[in-house]
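Observations on chain architecture
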Amino acid sequence: MMSLLKTIWGLLFRLFPCPAPTGLREIGHPGPQSPVLVTCNFDLTIKRLKKALEGLDVWLLVAQSGGVNVWCAAGGDEFNTHSVVSAIKTSGIGRKVTHRTIILPPLSGPGVSIAAVRKATKWNARWGPVRAEDIRRYIKTGFRRDEGMRRVTYTLTERLDTALGSLFPFYLLGGALFALFDPSLLVNYLLVATAAFLFFFLALDSIPGERGIVKAGYVALALLVTLAITEFYHPNGSPYRSSLIIAVVMIFVYGSELGGLAPHLPSDLDPFLARLGVGAVGNVAFAGTVRTELLNGYRELTYDHEICEGCRNCFEICPQGVWRMGEDSKRAILADRDKCTACRACLLQCQSGAIQAKKRDRNEPAGNSYIYL
Ligand code: SF4
Ligand code: SF4
């Protein structure tokens, strides 16, 4: 019963932590040579991983992330090098296997330094695939990562899953406010807010604009024009007035969160909250973090091609495909800087100092070797 409640909580209230015990889990019948996969201690992630790994024999090492999923916890510094080092040292995994290699989830790249884990534990670490459903193929093909395993996607299923998980509390809050202050509109609100949700996330790719708030602005404009027209034809008050106003408000709620839900978009809300001085919400830190300073333009990511040692870490870890490796020089090349979401994974994994987050000089124009956001 408790497990089912935790699953429902994880599905619909993902903004809040849902911790599971840390430590070692056996999937199938793992032995001394079986792979060791590391993950966070968000209950839903562990359940989904177990399902994706059914039929395999692996060790699952659950590290402390404050009960938050890998991507959010790494971005907010909850899932970090210390979490992984501590899991290796305290779980007893060293006595269970004869090899010394762990497989890390690549979305932990902004928080877990692979070099620091190696240094602190003498264990090797390598990146697995981004999506759990690719782990089986990754293991069967001798731990080879193809391009699809390195990069994030935002498919219809993924967007409905993440949007529902993060926006349901806002939906519920709206319902509670109507129930309290105007119960006659409650059913109307529930229907309109649901329709607006489905429309926004299903039609996302067709709505103009790069950022969530801009997309919301276009939809809201269309709704407001519709409202003006219906008001014109109903001088005594349009019967659609409340529905359209509810839809506009909800679309803005959904749009303002989109940057935090879509892994290929930079967050809109987090840098805004940081500008307001909000230090953190739950386990996700905002004010003063490198990520929000990058997003607010107080810092810039810089890349010095001359210092690059060609280790490939940036290429391997960037979930957006910003980097590629040069064929002649073997050094990294900034191939698609516009895709950068300032997750800072490349910054943490670059050991040569070629990538840095420098205080931004606003008098200096953007050059070829800088990532400006
Ligand atoms: S920029 Fe840094 S992380 Fe990327 S290949 Fe060069 S040394 Fe490695
Ligand atoms: S280039 Fe941007 S998106 Fe890619 S890892 Fe670096 S900070 Fe993250």
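Residues numbered from 1 in each chain as written. Chains lettered and ligands numbered in written order. Predicted model: local features only at pLDDT ≥ 70, side-chain atom pairs only at ≥ 80, totals over all residues.

1. Focus: the overall build of the protein
Cut-off, in case you're wondering: Runs of H or I in DSSP of at least four residues are treated as helices and runs of E of at least two as strands, each being numbered from the N terminus. Throughout, the radius of gyration refers to the C-alpha atoms, and the reference size of a globule is 2.2 Å times the residue count to the power 0.38. Counting other C-beta atoms within 10 Å of its own, a residue is labelled buried from 20 upward, exposed at 12 or fewer, and partly exposed in the gap between, with every C-beta atom placed from the backbone. Once C-beta atoms are placed from the backbone, any two residues with those atoms within 7 Å are in contact.
The helix and strand tally for the protein stands at 16 helices and twelve strands. What you see for the protein is a C-alpha radius of gyration of 23 Å, in line with the 21 Å of a compact globule of 373 residues. Taking the principal axes of the C-alpha coordinates as reference, the protein spans close to 80 × 60 × 35 Å. Looking at the 373 residues of the protein, the share that counts as buried comes to 36%. For the protein, contacts bridging at least 24 residues in sequence account for 66% of all contacts bridging at least 6.

2. As for the site of ligand 2
Cut-off, in case you're wondering: Using a C-beta atom placed from the backbone, a residue is described as near a molecule or strand when that atom lies within 6 Å of it. Each residue is assigned to one class: nonpolar for Ala, Val, Leu, Ile, Met, Phe, Trp, Tyr, Cys and Pro, charged for Asp, Glu, Lys and Arg, and polar for all the others, Gly among them.
The environment of ligand 2 is made up of I317, C318, Q320, V322, C340, T341, A342, C343, R344, A345 and C346. For the shell around ligand 2, the class distribution of residues is eight nonpolar, two polar and one charged.

3. Considering the domain arrangement of the protein
Selection rule: What counts as a domain boundary in this text is fixed by an automatic or database domain assignment.
As assigned here, the protein comprises domain 1 (2-149), domain 2 (167-258) and domain 3 (270-371). Centre-to-centre, using C-alpha coordinates, domain 1 lies 39 Å away from domain 2.

4. Observations regarding the nonpolar core
The condition that has to hold: Note on terminology: a nonpolar core is any set of buried Ala, Val, Leu, Ile, Met, Phe, Trp, Tyr and Cys residues joined through C-beta atoms within 7 Å.
Membership of the largest hydrophobic core comes to 59 residues, with the highest contact counts inside it found for V38, L61 and C346. A per-element tally of this core places helix 3 (residues 70-75) first, with five residues. Viewed by domain, this core spans two of them, domain 1 (2-149) and domain 3 (270-371), each represented by three or more residues. Apart from the residues within four sequence positions on either side, L61 is in contact with L24, V36, L37, V38, A87, S91, I93 and I102. In this structure, Y189, A193, M250 and Y254 belong to the second largest nonpolar core, which totals 20 residues.

5. Focus on the packing of helix 10 (residues 186-202) against helix 12 (residues 241-261)
Under the convention used in this document: Every axis corresponds to a line fitted to the C-alpha atoms, with the helix fit spanning only the stretch in contact, and the corresponding angles, defined between N-to-C directions, vary from 0 to 180 degrees. We call two directions roughly parallel when the angle between them is under 35 degrees, roughly antiparallel when it is over 145, roughly perpendicular when it lies between 65 and 115, and oblique otherwise. Rotating anticlockwise by less than a right angle from the far helix to the near helix defines a left-handed crossing, while the corresponding clockwise rotation defines a right-handed one.
Two elements in contact, helix 10 and helix 12, have axes whose closest approach is 9 Å; the angle formed by their N-to-C orientations is 45°. Relative to helix 12, the element helix 10 is oriented oblique. Between helix 10 and helix 12 lies a crossing whose hand is right-handed. Along the contact surface, helix 10 presents N188, Y189, V192, A193, A196, F197 and F200, while helix 12 presents S242, S243, I246, A247, M250, I251 and Y254. Partitioned by chemical class, the residues of the contact of helix 10 with helix 12 number eleven nonpolar, three polar and no charged.

6. Structural notes on the environment of F170
By the secondary structure assignment, F170 is in helix 9 (residues 156-181). The class for F170 is partly exposed, based on 17 C-beta atoms found within 10 Å. Sequence separation between F170 and T45 is 125 residues; the distance between their C-alpha atoms is 22 Å.

7. Overview of the packing of helix 4 (residues 81-91) against helix 6 (residues 114-121)
At their nearest, the axes of helix 4 and helix 6 sit 9 Å apart, and the two run at 35° to each other. Handedness of the crossing formed by helix 4 with helix 6: right-handed. Between helix 4 and helix 6, the residues in contact are T81, V84, V85, I88 and K89 and A116, V117, A120 and T121, respectively. Class assignment for the residues of the contact of helix 4 with helix 6 results in six nonpolar, two polar and one charged.

8. Points about the site of ligand 1
Neighbouring residues of ligand 1: 14 residues in total, closest C308, C311, N313, C314 and C350. Along the lines of polarity and charge, the residues of the shell around ligand 1 split into seven nonpolar, four polar and three charged.

9. Quick look at the pairing of strand 3 (residues 58-62)
Formally: Any two strands between which DSSP finds at least two bridges are classified as paired. Here is how to tell: hold the view so the strands point away, follow the path from the first strand over the helix to the second, and if it runs clockwise the crossover is right-handed.
In terms of burial, strand 3 is a largely internal element, four of the five residues being buried. Pairing of strand 1 (residues 23-27) with strand 3 involves five bridges; the strand directions are antiparallel. Bridge assignment links L24 to a residue of strand 3, and that residue is L61. Note that strand 2 (residues 36-39) and strand 3 share four bridges and pair parallel. What sits directly across from L37, in strand 3, is L60. Following the chain from strand 2 across helix 2 (residues 43-52) to the adjacent parallel strand 3, one finds a crossover that is right-handed.

10. Quick notes on unusual backbone geometry
Of note in this structure, D77 is not a glycine but carries a positive phi near 70°. Examined against the element boundaries, D77 turns out to sit in the loop between helix 3 and helix 4. Unlike most non-glycine residues, F143 shows phi in positive territory, near 65°.

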